[in-house]
Amino acid sequence: MSDAQESKHEAMFYHTDGGDAVCGLCPHRCRVPENAAGFCKVRENIGGRLYAAGYGLVSSIALDPIEKKPLYMFHPGSNVLSVGGFGCNFNCPFCQNAKISRDFDMPRAKYIPPEKLVEFAAKTVPEGNIGVAYTYNEPLVGYEYLLDCARLVHEAGLLNVVVTNGYISLGPLKAQLPFTDAMNIDVKGFSDGFYRKLGGRLEDVKGTVALAHSMCHVEITTLIIPGENDSEEEIALLAKWIASLDDKIPLHLSRFFPRRSYSDREPTSCGKIHSLHEIAKKYLKNVFALNMR
């Protein structure tokens, strides 16, 4: 049996309508015909049932500093075992990890069952590991694997970190959060027009941030793209909104570098990040500038 076959796992949060499977995991609510996949490319209708096609298929695994997630105010100085899969429910033209998020070949991946992943995490505790981070691609499209691993991670006395775009329905999010200790949520910008370019809606992401903040440690990252989401007014609105939840929530403003369809763009200047950093600091106590070298 191949790793891809071994990873076949029925999905949660869907219903059938005729021969279609209607996925309820994220706000897309994809109606998936038989032998097709949803927008994320990893939830497939096989014989009228929806499957998490990438269950346990790992594209990347590494022991990273927690600050790389980025989480600056959650167990600073520690390491976390970081694991990635495949798929994403956004289609960002500036994606930094498109080869595992949108343009991927899952059969080349390694299948790691939850029990083995947690065993590996426990073995790396002497190296400063505090738990498992689900990251690199959009981990919540692999919801079933994340949830199965997260339960076992907690049973082992370790911590779970989710690095996500926050585009998930509130029902699945509520079921997952009791097993989540920290999240870094990528708020792409603060206008619905920008989110529509990526295939989502700002209000859904705001709902995720608010609910997650009520149940676990949350930090927010915004990639600053010249001419797209870099106005002083937009960053001020973002910072004000975060402060309305809690002015101690950390905000990371990150430089953009050319990738994917935006490979012909100029990187964000350090000066721009500095100026936006100063604006955000008027409203928030913890603002960080990323990738400034």
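Residues numbered from 1 in each chain as written. Predicted model: local features only at pLDDT ≥ 70, side-chain atom pairs only at ≥ 80, totals over all residues. Heavy atoms only, no water.

**Q** Explanation requested: empty space enclosed by the protein in the structure shown.
**A** Over the atoms, a rolling probe the size of a water molecule traces out where space has been left empty. Counted according to the given criterion, the structure contains two cavities of 30 Å³ or more. In this structure, the largest cavity spans a volume of roughly 210 Å³. Along the wall of the largest cavity there are 22 residues; nearest its centre are Gly-54, Gly-85, Pro-139, Gly-142 and Tyr-145. Secondary structure elements with two or more residues in the lining of the largest cavity: strand 6 (57-58), strand 8 (79-84) and helix 4 (143-155). (1 Å grid on protein atoms, 1.4 Å probe; cavity = no way out; pocket = protein on both sides within 12 Å on 5 of 7 lines; lining within 4 Å. Points joined across faces, edges and corners; volume = space filled by probe spheres on them. Helix = DSSP H or I, 4+ residues; strand = E, 2+ residues; numbered from the N terminus.)

**Q** Help me understand the sheet that holds strand 3 (residues 31-32) in this model?
**A** Strands pair in a sheet through their backbones, by hydrogen bonds, and they do so in one of two ways: parallel or antiparallel. Spatially, 1-2-3 is the arrangement adopted by the three strands of the open sheet, whose pairing is antiparallel. Because the sheet does not close on itself, it has two edges, and the strands there are strand 1 (14-17) and strand 3. Of the pairings in the sheet, the one linking strand 2 (residues 20-23) to strand 3 comprises two bridges and is antiparallel in character. What sits directly across from Val-22, in strand 3, is Arg-31. (Pairing = 2+ DSSP bridges.)

**Q** Sorry, what's going on with the pattern of salt bridges here?
**A** Side-chain pairs of opposite charge can arise whenever the charged atoms involved come near each other. Counted under the stated rule, the structure contains 16 salt bridges. One salt bridge in this structure joins Lys-68 and Asp-64, with 3.8 Å as the shortest N-O distance. Across the pair Glu-228 and Arg-265 runs a salt bridge, and its minimum N-O distance is 3.3 Å. Of this pair, Glu-228 sits in the loop between strand 13 (217-224) and helix 8 (232-245) while Arg-265 sits in the loop between strand 14 (251-255) and helix 9 (270-280), placing them 37 residues apart in sequence. Among the residues examined, Arg-265 registers a relative accessible area of 30% and is labelled partly exposed. (Salt bridge = Lys/Arg side-chain N within 4 Å of Asp/Glu carboxyl O. Buried < 20%, exposed > 50% of the residue type's maximum accessible area, 1.4 Å probe, protein only.)

**Q** What am I meant to see in unusual backbone geometry here?
**A** A negative phi angle characterises most non-glycine residues, just as the trans form characterises most peptide bonds. For the bond running from Lys-69 to Pro-70, omega is -10 degrees, close enough to zero to count as cis. For Pro-70, the location among the structural elements is in the loop between strand 7 (60-65) and strand 8. Although it is not a glycine, Lys-41 adopts a positive phi angle of roughly 80 degrees. Positionally, Lys-41 belongs in the loop between strand 3 and strand 4 (43-46). The phi dihedral of Tyr-136 falls on the positive side, at around 80 degrees, and the residue is not glycine. Here Tyr-136 shows up in the loop between strand 10 (129-134) and helix 4.

**Q** Mind showing me how you'd approach the environment of Ala-98 here?
**A** Among the secondary structure elements, Ala-98 is positioned in helix 2 (residues 98-101). According to the relative accessible area criterion, Ala-98 is buried, its value standing at 11%.

**Q** Which parts of the structure should I look at to understand the side chain of Asn-45?
**A** Structurally, Asn-45 is set in strand 4. One polar contact links the side chain of Asn-45 to the main-chain carbonyl oxygen of Val-32, over a distance of 2.8 Å. (Polar contact = N/O pair within 3.5 Å; in protein donor to acceptor, adjacent residues only side chain to side chain.)

**Q** Mind showing me how you'd approach helix 9 here?
**A** Structurally, the α-helix is built with 3.6 residues per turn, so residues lying three or four positions apart point the same way. What helix 9 keeps buried is the set Ile-273, Leu-276, His-277, Ile-279 and Ala-280. Projected down its long axis, helix 9 carries its buried residues within an arc of 160 degrees, all on one side. Tucked inside the fold, the buried residues of helix 9 contact strand 13, helix 8, strand 14 and strand 15 (287-290). (Arc of directions from axis to C-beta. Contact = heavy atoms within 4.5 Å.)

**Q** Just to check I follow, could you spell out the sheet that holds strand 10 for this structure?
**A** Overall, mixed pairing links the eight strands, which are arranged 7-8-10-11-12-13-14-15 in an open sheet. The outermost strands of the open sheet, each flanked by one partner alone, are strand 7 and strand 15. Across the sheet, the mean angle separating the axes of adjacent strands is 20 degrees when strand polarity is ignored. Across the face of the sheet, helix 9 comes into contact with strand 13, strand 14 and strand 15 while running at roughly 165 degrees to strand 14. (Axes fitted to C-alpha atoms, helices over the stretch in contact; angles between N-to-C directions.)

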